[in-house]
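Okay, here's what each chain looks like letter by letter:
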Amino acid sequence: MKILNSNSKNFDKLLDNLLFKRKKKLKASSVSVTKIINDVKKNGDKALLKYERRFNKNNIIVPSVKQINKSIKSLDKKVKKAIDDAYNRIYKFHSLQKFKNISYKDKYKNKIDYKYLPLESVAIYVPGSTASYPSTVLMNAIPAMVAKVKRIVMINPGYKGNQNPAVLYAAKICGIKEIYSIGGPSAISAVTYGTKKIKPVNKIVGPGNEYVAAAKREVFGDVGVESMFCGPSEVTAVCDKDSNPEWIASDLVGQAEHSDLVQCILISKDKNIIEKTREEMKSLKAENDKILKQAKVERDEILKDAKATATAMIDEAKNKSKDEAQKIVDAARDSIRSEKAAAMAELKTHVAALSLEIAEKVVRTELSSDEKQKALANNLASDINMN
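Treat the numbers as computed from the prediction; the structure is a model and nothing was measured.

Visitor: Break down the pairing of strand 2 (residues 111–114) for me, citing the residues and quoting the values.
Guide: Across four bridges, strand 1 (residues 102–105) lies against strand 2 in antiparallel orientation. Bridged to Tyr-104 within strand 2 is Ile-112. Where strand 1 hands over to strand 2, the hairpin turn is made up of five residues, of which Lys-109 adopts a positive phi near 65°.

Below, the structure written as structure tokens:
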């Protein structure tokens, strides 16, 4: 956490330098983004697969139904229930947003109609690889469902072909059957201009990193995009001596996790609140490191078991015919892959659990003895549990 004092003589220069570093990186990313977009536009799936292999170590553009169902099967029942609850709540809200068509006839018998027509197709970009955001699927797919968009596509980068089971489950309950394991500017280009495997769409929605945001700016006009280019995130908190440092730290950390180029700024005249927020951020980091360490231990144990299983199966194959041996070796390989996917899902579940735990802790903090304030805190905590 870097602290700048507005009373310093060179404050303006230091602030400009801080902001310029980020702008410079974003400008540089736009140059490479244009090249990637044009490459995919010209060379289609071949170029798309090239970038997937380079950035995500991924050889799969279209995951099979079997692969998707297998991944969903590994998802914890509690996580499924949380997603189901969130789906129902979000759907109920957005169903109230429906517009009504207007049909009007004036006294001269002139008939005037005003109709709302859904888009034919929409692609939802759901960040992946190092992140898991099933909420992004729900928040973007459900309004499209309510609007009766005929074709909803999900583009979600997976690492080494493995997509997050929570994201896939969210897509399943939203009825999304067209899923692609792709990400970054190449994915934006693919759904904009189309390839042999992917048909173009009318509009692209959903958040992404600085490269995805730059790509959406680049293709705007050839395809529709949301009015706000999301990514990288920004947040500025203006606080005084009465602000809660635990809340401030959680808000800043909640945005900072999205990207290295995220800008999280705290403005306050009170030095004490800045120092307390700094300590809270350290505490959050320590808690995060602790749970990640535990998750890594469990992950290593899962992979150790997988290796032992595979070794036993390969030993068994030595005494079999060539065809039988090959089947056993293939089964061993699938076992390793399956356990790796389960291990990664377990790791992400631990991180999600930590985020929920911190959020609940912050929300339940009592700002005063006021009973209304306590009720508000409990209601907010309940909302977090549902999401």
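Visitor: Any details on the pattern of salt bridges? Residues and values, ideally.
Guide: Counted by the stated rule, this structure contains eight salt bridges. Salt-bridge contacts for Arg-151 lead to Glu-178; the nearest nitrogen and oxygen are separated by 2.8 Å. Of this pair, Arg-151 sits in strand 4 (residues 151–155) while Glu-178 sits in strand 5 (residues 178–180), and the two are 27 residues apart along the sequence. Salt-bridge contacts for Arg-278 lead to Glu-275; the nearest nitrogen and oxygen are separated by 3.4 Å. Taken together, the residues span about one helical turn, with Arg-278 and Glu-275 both in helix 10 (residues 271–317) at a distance of three residues.

Visitor: Lay out the sheet that holds strand 6 (residues 203–205) with the relevant residues and their values.
Guide: Strand order across the open sheet formed by five strands is 5-4-3-6-7, with parallel pairing between neighbours. Of all strands in the sheet, those with a lone pairing partner are strand 5 and strand 7 (224–225), marking the two edges. Where strand 4 lies against strand 5, three bridges are found, and the strand directions are parallel. Directly across from Met-154, in strand 5, lies its bridge partner Ile-179. Strand contacts of helix 5 (residues 134–146): strand 3 (121–125), strand 4 and strand 6, with the helix running at about 170° to strand 3, the strand carrying the most contacts.

Visitor: How would you sum up the pairing of strand 4? Please name residues and give values.
Guide: Most of strand 4 sits out of view: five of its five residues are buried. Because side chains alternate across strand 4, one face comprises the buried residues Arg-151, Val-153 and Ile-155, and the other comprises Ile-152 and Met-154, equally buried. Here strand 3 runs beside strand 4; their pairing, made up of five bridges, is parallel. Bridge pairing links Ala-123 to Val-153 in strand 4. Traced from strand 4 through helix 6 (residues 165–173) to strand 5, the parallel crossover comes out right-handed.

Visitor: Please give an account of the nonpolar core that cites residues and values.
Guide: Counting 29 residues, the largest nonpolar core has Ile-124, Val-137, Leu-138, Met-154 and Ile-176 as its most contacted members. For this core, the secondary-structure elements that each account for two or more residues are helix 3 (65–73), helix 4 (77–94), strand 3, helix 5, strand 4 and helix 6. With residues up to four places along the chain from it excluded, the contact list for Ile-124 reads Thr-136, Val-137, Asn-140, Ala-141, Ile-152, Val-153, Met-154, Ile-155, Ile-176 and Val-205. Ranked by size, the runner-up nonpolar core spans 28 residues in total, among them Ala-47, Ile-155, Ala-190 and Ala-215.

Visitor: Tell me about the packing of aromatic side chains, and please be specific about residues and values.
Guide: A full pass over the atoms with the stated rule returns four aromatic pairs. Among the aromatic residues, those joined into a cluster by ring pairs are Phe-99, Tyr-114 and Tyr-116.

Visitor: Describe in detail helix 9 (residues 245–256), supporting the description with residues and values.
Guide: The end-to-end C-alpha distance of helix 9 is 16 Å, a good match for the 16 Å that twelve residues give at a rise of 1.5 Å each. Within the span of helix 9, buried status applies to Pro-245, Glu-246, Ile-248, Ala-249, Ser-250 and Leu-252. If you check the start of helix 9, you find a side-chain oxygen 2.9 Å away from the backbone N of Glu-246, and it comes from Asn-244.

Visitor: Which residues make up the environment of Val-137, and what values do they have?
Guide: Turning to its location among the elements, Val-137 is positioned in helix 5. According to the relative accessible area criterion, Val-137 is buried, its value standing at 0%. Here the alpha-carbon distance between Val-137 and Tyr-125, two residues twelve residues apart in the chain, equals 8.3 Å. When sequence neighbours within four positions are dropped, the list of residues in contact with Val-137 reads Ile-124, Val-126, Ile-142, Met-154, Val-167, Ala-170, Ala-171 and Ile-176.

Visitor: If you had to explain the packing of helix 4 against helix 6 to someone new, which residues and values would you point to?
Guide: For any two helices packed against each other, one specifies the crossing angle of their axes together with the interaxial distance. Interaxial distance between helix 4 and helix 6 falls to 10 Å at its minimum, and their mutual angle equals 40°. Taken together, the axes of helix 4 and helix 6 are oblique relative to one another. As helix 4 runs across helix 6, the sense of the crossing is right-handed. Here Val-79, Lys-80, Ile-83, Asp-84 and Tyr-87 of helix 4 lie close against helix 6, whose contacting residues are Ala-166, Tyr-169, Ala-170 and Ile-173. Of the residues belonging to the contact of helix 4 with helix 6, the class tally is seven nonpolar, no polar and two charged.

About the criteria used
Residues numbered from 1 in each chain as written. Predicted model: local features only at pLDDT ≥ 70, side-chain atom pairs only at ≥ 80, totals over all residues. Heavy atoms only, no water. Pairing = 2+ DSSP bridges. Helix = DSSP H or I, 4+ residues; strand = E, 2+ residues; numbered from the N terminus. Salt bridge = Lys/Arg side-chain N within 4 Å of Asp/Glu carboxyl O. Contact = heavy atoms within 4.5 Å. Axes fitted to C-alpha atoms, helices over the stretch in contact; angles between N-to-C directions. Buried < 20%, exposed > 50% of the residue type's maximum accessible area, 1.4 Å probe, protein only. Right-handed = clockwise from strand over helix to strand, strands pointing away. Core = buried A, V, L, I, M, F, W, Y, C linked by side-chain atoms within 4.5 Å. Phe/Tyr/Trp six-rings, centres within 6.5 Å; stacked < 30°, edge-to-face > 60°. Expected span 1.5 Å × (residues − 1). Polar contact = N/O pair within 3.5 Å; in protein donor to acceptor, adjacent residues only side chain to side chain. Parallel < 35°, antiparallel > 145°, perpendicular 65-115°, else oblique. Left-handed = near helix turned anticlockwise from the far one by under 90°. Nonpolar A, V, L, I, M, F, W, Y, C, P; charged D, E, K, R; others polar.

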